[in-house]
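Residue-level structure breakdown
Chain by chain, the residues run as shown.
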Amino acid sequence: MAIFTKILSSNDIGRRLTIPGDCAAQFPPFNKDQQIEFNVEDESGHRWIFRACQSATNSGIFIISGWPQFARHKNLEVGDTIHFQKLDHSSRAHHYRIGVTKKLVIQSISRS
């Protein structure tokens, strides 16, 4: 089940991934420190551990740990798109999957 799709901004690449607040119900409950840790599998089967925190106003979730390493590993750039899914396989240790679509760059060819 798709949770969200997002075109990445410079803040998403450089600092933390911001997830819309209306997606919070798709994640495990936050602890008293307003943080959670969860496992994510990418499209190649590599497993990542992400840590997220919830804003004080519950307006959003921020993935703060694990995300920068993922972004560097995938060479993410502003304009790339991520697809975040919740897997329905209760027997799997990893309940989330993340996919990346690189932005399409079209270059014109000048004819001399």
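Note that this is a predicted model, so its numbers are computed, not measured.

Considerations on the sheet that holds strand E5 (residues 60-65)
Pairing is mixed in the open sheet, where seven strands are placed in the order E1-E6-E7-E3-E4-E5-E2. In the strand order of this sheet, the two ends are held by strand E1 (2-7) and strand E2 (17-20), each with one partner. Here the strands of the sheet are splayed against their neighbours by 30° on average, with no regard to which way each runs.

Here we look at the side chain of Asp12
For Asp12, the position within the fold is in helix H1 (residues 10-14). Look at Asp12 and you get buried, because its relative accessible area is 1%.

Considerations on the pattern of salt bridges
As a working rule, side chains carrying opposite charge can pair if their charged atoms are close by. Inspection of the entire model under this criterion finds seven salt bridges. Between Glu41 and Arg47 there is a salt bridge, with its nearest N and O atoms 3.9 Å apart. A salt bridge links Glu43 to Lys74; the nearest nitrogen and oxygen atoms lie 3.3 Å apart. With a gap of 31 residues between them, Glu43 in the loop between strand E3 (35-42) and strand E4 (47-54) and Lys74 in the loop between helix H2 (67-73) and strand E6 (81-86) connect regions that are remote in the sequence. By relative accessible area, which is 17% here, Lys74 ends up buried.

Reading guide: rules and limits
Residues numbered from 1 in each chain as written. Predicted model: local features only at pLDDT ≥ 70, side-chain atom pairs only at ≥ 80, totals over all residues. Heavy atoms only, no water. Pairing = 2+ DSSP bridges. Helix = DSSP H or I, 4+ residues; strand = E, 2+ residues; numbered from the N terminus. Axes fitted to C-alpha atoms, helices over the stretch in contact; angles between N-to-C directions. Buried < 20%, exposed > 50% of the residue type's maximum accessible area, 1.4 Å probe, protein only. Salt bridge = Lys/Arg side-chain N within 4 Å of Asp/Glu carboxyl O.

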